[in-house]
Amino acid sequence: MKQIITAKLKLHPDAAQLQALRKTSLAYRDALNAVSRYAFEHGKMSNQRALQRDCYDEIRRVHKLPAQMACNVPRQVGATYKTLWTKVRQNDETRKAGKTKKRYKGLDKPPRYASSTLTYNYHRDYSLKPDNQVSLLTLDGRVIVPYTGYRKHVAHIQQGAHLGAAKLWYDQPDKQFYLLVTLEVERAAPPPETQSSVVGVDVGQRYLAVTATTKAKAAFYSGKAVRAKTDHYARLRKRLQKKGTRSATRRLVVIRRRERRLKQDRNHLISRRIVDAHPHSIIGLEDLTHIGERTKRKHGQKASKKQRRANRHASQWAFAELHSYIAYKATLAGSTAVKVDAHYTSKACPLCGYTSDGNRPMKGLLFVCQSCHYTLHADLVGARNIALRTLLVRQDWMSTGVLSVRPDVSCDEAKAVRLARYAELRWSTDTSPAL
């Protein structure tokens, strides 16, 4: 089993090396913007080969980039336009379905690259040297720069982990260069017998994560502090946008980065605690793909102030990032993360199987089964249902020897079969806390 991780190496160049790296990164950014304008003027091209054929000579002549960087620029621009075209098609489908009236405007003007981050290819643009040094290609030739990094990542590098492409990132406030190196770490696939426990993880906004095991152990990770801080940043952002000065714009950039770091730190902390608390386990996560399209909310003038605030919270919900952190950390720790069907996990009673919208009065945090009157925290009910469905995945893994890391959504019949199996699951009262 292979796991991709990113090692963040802090570079320590001298003054001349710093100037050479900065000059190269700015030239790379200028080349990206030039190719982006060319693609926009020629039918918003997304074909990477055509862009490289038409722009390669100009990139080499005008921006003086080395050969491999001159190939990376059209590839990156083509990938950007391909992503934008995908969003345009998705927006057209959403508008035809009547779910929105807004037109996606991402291709109304050429995409502009503001970051000076550039891509290096291993053995062509960069290579690692002994004594924690790295050789980097610049417009002025090769420079050998010492680096430091997280000890476990550095150990992976020294032990011969497979290296991929890297990104040279410049931290503008601190005037510091970092090299983000892609590492491919080899891990032996754990057999099902070694996965001693089953854990269900329910993600949400009031509680960022709630975990439940089949042995009735539970843990809650509150999102109250993060939401309060996010609301504070939203109010501050509104005042600064109304002000509109250059200093206000600079402050908006600082706030955006600070808020992003806050959420990343919280997700890293929660994922680490979940993985460390359940070693050698199979961890079930909800498959929340297209959750934003499946949930209907009022927008614009039809929505109240409370609804608009809820829409903002939903749009800034970083559940996918939390899922990805849990998945890769579980692999490194000898556990396994799988996706299970998310349908009705918060509406189905784990004790009797009765499913109804009325089981959650006012869509609050209290779950009251309308059939057997089983009462519990709604997020804990969701985590228990996920744990039960994960137990089915483990049983199938034991019997067939094949692990399904994502539910089958190929057709409605497959979905109906899964839901029928889920309806037969029951949470034992022997392992449930006294009500």
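Residues numbered from 1 in each chain as written. Predicted model: local features only at pLDDT ≥ 70, side-chain atom pairs only at ≥ 80, totals over all residues. Heavy atoms only, no water.

1. Focus: the packing of aromatic side chains
- All told, the structure shown has six aromatic pairs when counted by the stated rule.
- With centroids separated by 5.3 Å and ring planes inclined at 50°, the aromatic side chains of tyrosine 122 and tyrosine 126 adopt a geometry described as tilted.
- Note on tyrosine 126: relative accessible area 0%, which makes it buried.
- Consider the rings of tryptophan 317 and phenylalanine 319, whose centres lie 4.7 Å apart with planes at 50°: the pair is tilted.
- Classification of tryptophan 317 as partly exposed rests on a relative accessible area of 22%.
- For lysine 8, the ring lying beneath its charged end belongs to tyrosine 178, and the centroid distance is 4.5 Å. (Phe/Tyr/Trp six-rings, centres within 6.5 Å; stacked < 30°, edge-to-face > 60°. Buried < 20%, exposed > 50% of the residue type's maximum accessible area, 1.4 Å probe, protein only. Lys NZ or Arg CZ within 6 Å of the ring centre and 35° of its normal.)

2. Overview of the layout of surface pockets
- In this structure, the second largest pocket spans a volume of roughly 1600 Å³.
- Around the second largest pocket sit 42 residues that line it, and Lys8, Trp169, Leu180, Arg261 and Gln264 are the ones nearest its centre.
- The element contributing the most residues to the lining of the second largest pocket is helix α6 (residues 246-277), with 15 residues.
- Among the residues making up the lining of the second largest pocket, the classes are represented as 15 nonpolar, ten polar and 17 charged. (1 Å grid on protein atoms, 1.4 Å probe; cavity = no way out; pocket = protein on both sides within 12 Å on 5 of 7 lines; lining within 4 Å. Points joined across faces, edges and corners; volume = space filled by probe spheres on them. Helix = DSSP H or I, 4+ residues; strand = E, 2+ residues; numbered from the N terminus. Nonpolar A, V, L, I, M, F, W, Y, C, P; charged D, E, K, R; others polar.)

3. Section: helix α11 (residues 412-423)
- Compared with the 16 Å implied by 1.5 Å per residue over twelve residues, the 16 Å span of α11 between its first and last C-alpha is a close match.
- Buried within α11 are the following residues: Ala414, Arg418 and Tyr422. Looking straight down α11, one finds that the buried residues subtend no more than 75° of arc, so they occupy a single side. Residues of α11 that are exposed and point more than 90 degrees away from the buried face comprise Asp412, Glu413 and Val417.
- On its buried face, α11 is in contact with α10 (378-400). (Expected span 1.5 Å × (residues − 1). Arc of directions from axis to C-beta. Contact = heavy atoms within 4.5 Å.)

4. Thoughts on a positive patch on the surface
- Judged by side-chain charge, Lys229, Arg251, Arg256, Arg257, Arg258 and Arg261 come together as a positively charged surface patch.
- Tallying contributions element by element places α6 first for the positive patch, with five residues.
- Mapped onto the elements of the fold, arginine 257 is located in helix α6.
- You can call arginine 257 partly exposed: its relative accessible area is 36%. (Patch = residues over 30% accessible without salt bridge, like charges linked within 9 Å, V, L, I, M, F, W, Y side chains within 5 Å. Areas by Shrake-Rupley, 256 points an atom, 1.4 Å probe, with all protein chains shown as cover. Salt bridge = Lys/Arg side-chain N within 4 Å of Asp/Glu carboxyl O. Lys, Arg positive; Asp, Glu negative; His and termini not counted. Charge placed at Lys NZ, Arg CZ, Asp CG, Glu CD.)

5. Observations concerning the pattern of salt bridges
- Counted by the stated rule, this structure contains nine salt bridges.
- As a salt-bridge pair, glutamate 321 and arginine 260 come within 2.4 Å of each other at their nearest N and O atoms. Of this pair, glutamate 321 sits in helix α9 (residues 319-332) while arginine 260 is found in helix α6, placing the two residues 61 residues apart along the sequence.
- A relative accessible area of 14% means that glutamate 321 is categorised as buried.
- Among the residues examined, arginine 260 registers a relative accessible area of 34% and is labelled partly exposed.
- Put simply, lysine 347 and aspartate 357 hold a salt bridge, and the shortest N to O gap is 2.8 Å. Here lysine 347 is found in the loop between β12 (336-340) and β13 (366-368), whereas its partner aspartate 357 is found in the loop between β12 and β13, with ten residues between them in sequence.

6. A word on the nonpolar core
- Grouped together as the largest cluster of nonpolar side chains are 44 residues, with contacts concentrated most on Leu11, Tyr120, Tyr126, Leu136, Leu168 and Leu179.
- The residues touching tyrosine 120, leaving out its near neighbours within four places in the chain, are Leu21, Met69, Asp125, Tyr126, Leu136, Leu137, Ala165, Ala166, Leu168 and Leu179.
- Val199, Ala209, Leu288 and Ala330 belong to the second largest nonpolar core, which has 19 residues in total. (Core = buried A, V, L, I, M, F, W, Y, C linked by side-chain atoms within 4.5 Å.)

7. Some words on the side chain of aspartate 379
- Structurally, aspartate 379 is set in helix α10.
- Buried charge without a salt bridge: aspartate 379, with arginine 360 as the nearest opposite-charge side chain at an N-O distance of 4.7 Å.
- Once residues within four sequence positions are removed from consideration, aspartate 379 is found in contact with Asp202, Tyr207, Val210 and Leu365.

8. Here we look at unusual backbone geometry
- Despite not being glycine, alanine 216 shows a phi value in the positive range, around 65°.
- Along the chain, alanine 216 falls in the loop between β9 (207-213) and β10 (218-222).
- The partly exposed category is assigned to alanine 216, whose relative accessible area is 27%.
- The phi torsion at lysine 363 lies on the positive side, around 55°, for a residue other than glycine.

9. Some remarks on the sheet that holds β9
- Taken together, five strands build an open sheet; the order of strands is β10-β9-β8-β11-β12 and the sheet is mixed. The sheet is open, and its two edges are formed by β10 and β12, each paired on a single side. Here the average twist between neighbouring strands, direction ignored, is 20°.
- Two elements, β9 and β10, share five bridges in a ladder whose sense is antiparallel. Note that in β10 the partner of valine 210 across the bridge is phenylalanine 220.
- Packed onto the sheet, α6 meets β8 (197-203), β9 and β10 and runs at close to 5° relative to β9. (Pairing = 2+ DSSP bridges. Axes fitted to C-alpha atoms, helices over the stretch in contact; angles between N-to-C directions.)

Remember that the coordinates give geometry; whether it matters functionally is a separate question.
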